[in-house]
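A structural walkthrough
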Amino acid sequence: YLRDASPQLSIGWFLHTPFATSEMYRTLPHREEILRGILGADLCGFHIYDYVRHFHTSCARVLTIGGDQGITEGNDGIFDHASRRSICVDTFPIGIEPHKFEEALETKAVKDKIIEMQRRFDGKKVLLGIDRLDYVKGLPHKLKALEYFLKNYPQWRGKVVLLQIAVPSRTEVPGYQKLRSNVHRLVSRINGTYGSLDDVPIHYLDQSMGFNELCALYFRADVMFVTSLRDGMNLVSFEFIACQKKRCGVLVLSEFAGAAQALGAGALLINPYNTDDVAVTLHQALNMPQKEREDRFMYMHAHILSHTSQEWAEQFVASLRHARQTSNYDAGPFSELSEAKQLPTHNVVASYKASENSGGARLIVLGLMGTLIDYDSFMNMEPLLPSVRRNLATLALVPNNTVVVCSGRERALMNEWLGDLPIWLVAENGLFIRPPTETGDGAAAWEMLKDDIDNSWMDPLKSIFKYFEARTPGTVTEMQEYTMTWHFNVDNDDFAEVQAGNLQTHLTKVSGRAPVEVGLDMKRVEVRPYGVSKGAALAAILDRLLCTRGGGSRFASANSLYAASESSSESSSALPMASSTALAHAADGSLGERNHFKWVLCVGEVMARDEDLFTTLQGLFDYEDAGVNTSVSERGFDASNSLFTCCVAKTLSQAEYYLEDFNATAGLLDLLAHVTHDAAQLGGSMSPQQPSVLERLPQLLRALVGKQLLFLLDYEGCETAAEG
């Protein structure tokens, strides 16, 4: 692509023709390559909003929404995850230079031609058509409508004439030759039926016209007759208006032309496929009172004066400069995301040791699916690896450590897998939280952070989820108490992603005004209650912890924190995301001012909606003198006061770092558990260790499917396996 060859090049792309609907565009064999090429531009321009909408929809359905290679739609454009770039997409209605036509009408050459036409068509109403001889111009439709008009309004026979200029186009193409023959046959039939020796209703020319002749025709015409079946803008309509200042002619315009959105309030709009309606509209145009003609004309004339070709060029160039200078547009929750760096494990371990020696409090926030367990194990309902549970317990039992596991899974599953560990649990994306289970006590009670919701909206959506599940092999629908999730992490990604986009679109329409959010990201489509997020739940936990440590009574209610999340959500037209500032300052006194944590690690594979999990933690490390969030890389490595936010399985995130997969997370937890001084004081009963081969056997079996193995037996009787 051009962008790859010249990354610093300022590229603007404008389409002068209509952009097809997504249903049509998806039939192209190279549909993805074309869109990827277009998204290499800084600015994509179209004539009207219909074409912008078609482009957005095609990108969403072909490239998919979310993920590493998809897109996210925003108010001002599209964020391309593959290139990590924001592309501005906007409308730039093109125009003409009216003064050139007005000046031409004052020349002697044009005036002489006008006088000649006045004499030739004296006493007749003139319909004018100027089109390329092309399928999209609808010439057969125009001629059939005129034939129907003359048949049903016989009073106009001999009093109206159509001057049709058909500029030859692609004359060597057989299809266009056939179109030309068809048009000629229609003209001959109509003239033979309704004409005479002295007069014919259609004057047809298969040739282009000079500028002076065109100006004279525009001036003499009473009605401009445009029947385009699909047209980018159709500037012939503008040229007719520019030459009609003295006569206030009527414009009969196809609703499928781009000009219909610009001149629709002054023109008579028609559907070229409806022959009856076109004939009625022609009759209305020929009988229109002078006052109505003047009112309609003044509106259209004012538009062409303010939307000239010069204005179009200046606006497009100015927008291109702005697009190049502005790094991000409002692309929903991805608008401020940057590419994460690989997590420096040695820095994490070193800072953990330093905070332990200094006695500082430590916070460890972890996701579940994709972080502590892989997708296949989850779908097979296999429990967490024993080594992962041991390491979680080891870290959680350290007095200065607080461990939080955030998940979108239901409470029952969280209790089954992690309920006996002394850690905070977050279920259903932050709707429920549960404090650590104390030793010797029963399981702690779950708390619902948002008590003003119901699940009555779920029943109408269940059948939709099941419909797509039945028609997409390998997908699974997960029904929870207040959340519904469709997982499509399957081998046939292309088909599943298309189905996911269709499911998201359908759910958005059907859910209507229900207080829910529909999201597509990380190989799943999810419907959750509005305003619920893991970041808001974590903010509630932190506020409770920090108030308890500080000895104050400034605990903010969960509902107030969710109110901050919802107010932030309403400001975005795309997927809402709670801002870290709103969450951090929702309580009386900011979290940053009361932060007792000197070391924080957050690792998770989260959807875009839950990226506020990272920004909430970044709010803990706001510096009062700077007043902004500062990352580890910005302030330099500080072994005594460090924050590490880390996403899993993706690099585009609010997090500063990333890990490849859940195996990397398990390895990191193992290292932290090994360096914990308190682990030695447990008498080895909770000693961390690497997962055994038997523990990883299901994973190994899946990895070895289709592989050839060579087994070697050494003289000591030890078996080893090497991939062939």
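Residues numbered from 1 in each chain as written. Predicted model: local features only at pLDDT ≥ 70, side-chain atom pairs only at ≥ 80, totals over all residues. Heavy atoms only, no water.

Topic: the nonpolar core
- By size, the foremost hydrophobic cluster in this structure holds 74 residues, and its most contacted members are Phe19, Phe46, Phe55, Tyr218 and Met224.
- Sequence-distant contacts of tyrosine 218, defined by excluding residues within four places in its chain, comprise Phe101, Leu128, Ile130, Met224, Val236, Glu239, Phe240, Cys243 and Gln244.
- Counting 48 residues, the second-largest nonpolar core is a separate cluster that includes Leu395, Trp417, Trp446 and Ile453. (Core = buried A, V, L, I, M, F, W, Y, C linked by side-chain atoms within 4.5 Å. Buried < 20%, exposed > 50% of the residue type's maximum accessible area, 1.4 Å probe, protein only. Contact = heavy atoms within 4.5 Å.)

Some words on the pairing of strand S19 (residues 476-479)
- For S19 and strand S20 (residues 484-487), the ladder comprises four bridges, and the chain directions are antiparallel. The partner of threonine 477 across the bridge, within S20, is tryptophan 486. (Pairing = 2+ DSSP bridges. Helix = DSSP H or I, 4+ residues; strand = E, 2+ residues; numbered from the N terminus.)

A word on helix H7 (residues 139-152)
- With 14 residues, H7 should reach 20 Å at 1.5 Å per residue; the first-to-last C-alpha distance of 20 Å fits that figure.
- Within the sequence span of H7, burial applies to Leu139, Pro140, Lys142, Leu143, Ala145, Leu146, Glu147, Phe149 and Leu150.
- On its buried face, H7 sits against strand S6 (125-132), strand S7 (160-167), helix H8 (174-194), strand S8 (202-205), strand S9 (223-225) and helix H12 (275-286). (Expected span 1.5 Å × (residues − 1).)

Some thoughts on the state of the cysteines
- Under the definition given, this model contains zero disulfides.
- Of the cysteine sulfurs around cysteine 215, a residue in no disulfide, the closest is that of cysteine 243, at 4.6 Å.
- Here cysteine 602 is not cross-linked by a disulfide; its sulfur's nearest cysteine counterpart is in cysteine 406, at 7.1 Å.
- Assessed through its relative accessible area of 0%, cysteine 602 is described here as buried. (Disulfide = S-S within 2.5 Å.)

A word on the side chain of threonine 616
- Structurally, threonine 616 can be placed in helix H24 (residues 612-618).
- Looking at threonine 616, its side chain comes within polar contact range of the main-chain oxygen of glycine 535, at 3.5 Å. (Polar contact = N/O pair within 3.5 Å; in protein donor to acceptor, adjacent residues only side chain to side chain.)

Looking at the sheet that holds S9
- An order of S8-S7-S6-S9-S10-S11 is seen for the six strands of this open sheet, with the pairing classed as parallel. Looking at the sheet topology across the chains shown, the edges are occupied by S8 and strand S11 (268-270). Across the sheet, the mean angle from the axis of one strand to that of its neighbour is 20°, orientation sign disregarded.
- Examined bridge by bridge, S6 and S9 share two bridges and lie parallel to one another. (Axes fitted to C-alpha atoms, helices over the stretch in contact; angles between N-to-C directions.)

Points about the environment of asparagine 271
- Position of asparagine 271 relative to the elements: it lies in the loop between S11 and H12.
- The exposure class assigned to asparagine 271 is partly exposed, which follows from its relative accessible area of 24%.
- Sequence separation between asparagine 271 and glutamate 255 is 16 residues, and the spatial gap between their C-alpha atoms is 6.1 Å.

Focus on the packing of aromatic side chains
- One pass over the full model with this rule turns up 20 aromatic pairs.
- Relative to phenylalanine 55, the ring of phenylalanine 19 lies with its centre 5.4 Å away and its plane at 90°, an arrangement referred to as edge-to-face. Highlighted residues: phenylalanine 19 in the loop between strand S1 (12-14) and helix H2 (22-25) and phenylalanine 55 in helix H4 (residues 49-63), separated in sequence by 36 residues. We note that phenylalanine 19, like phenylalanine 55, is buried.
- Residues phenylalanine 644 and tyrosine 657 carry aromatic rings whose centres are separated by 6.1 Å and whose planes lie at 35° to one another, so their mutual orientation is tilted. (Phe/Tyr/Trp six-rings, centres within 6.5 Å; stacked < 30°, edge-to-face > 60°.)

With respect to the packing of H7 against H12
- Where H7 meets H12, the closest approach of the two axes is 8 Å, and the angle between their N-to-C directions is 65°. Here H12 runs roughly perpendicular to H7, going by the angle between their axes. Here H7 runs over H12; the crossing is right-handed. Together, Lys144, Ala145, Tyr148 and Phe149 of H7 and Thr275, Asp276, Val278, Ala279, Leu282, His283 and Leu286 of H12 make up the contact between the two elements.
- Looking at the contact of H7 with H12, its residues break down into seven nonpolar, two polar and two charged. (Parallel < 35°, antiparallel > 145°, perpendicular 65-115°, else oblique. Left-handed = near helix turned anticlockwise from the far one by under 90°. Nonpolar A, V, L, I, M, F, W, Y, C, P; charged D, E, K, R; others polar.)

Focus on the environment of valine 317
- Note on placement: valine 317 falls in helix H14 (residues 309-325).
- Separated by 274 residues in sequence, valine 317 and leucine 43 have C-alpha atoms that sit 9.6 Å apart.

Remarks on the pairing of strand S21 (residues 516-521)
- Most of S21 sits out of view: six of its six residues are buried.
- Neither face of S21 is open: one carries Val516, Val518 and Leu520, the other Glu517, Gly519 and Asp521, and all of them are buried.
- Relative to strand S22 (residues 524-529), S21 runs antiparallel, the two sharing six bridges. Across the sheet, valine 518 pairs through a bridge with valine 527, a residue of S22.
- In this structure, the hairpin formed by S21 and S22 is closed by a connection of two residues, where methionine 522 is found at a positive phi of approximately 55°.

A look at the pattern of salt bridges
- Inspection of every chain in the model, using the stated rule, returns 28 salt bridges.
- One salt bridge connects arginine 85 with aspartate 42, and the closest N-O pair in it is separated by 3.0 Å. Residue arginine 85 is located in strand S5 (residues 85-91), and its partner aspartate 42 is located in the loop between helix H3 (31-38) and strand S2 (43-46); the two are separated by 43 residues in the primary sequence.
- Exposure remark for aspartate 42: the relative accessible area of 3% places this residue in the buried category. (Salt bridge = Lys/Arg side-chain N within 4 Å of Asp/Glu carboxyl O.)

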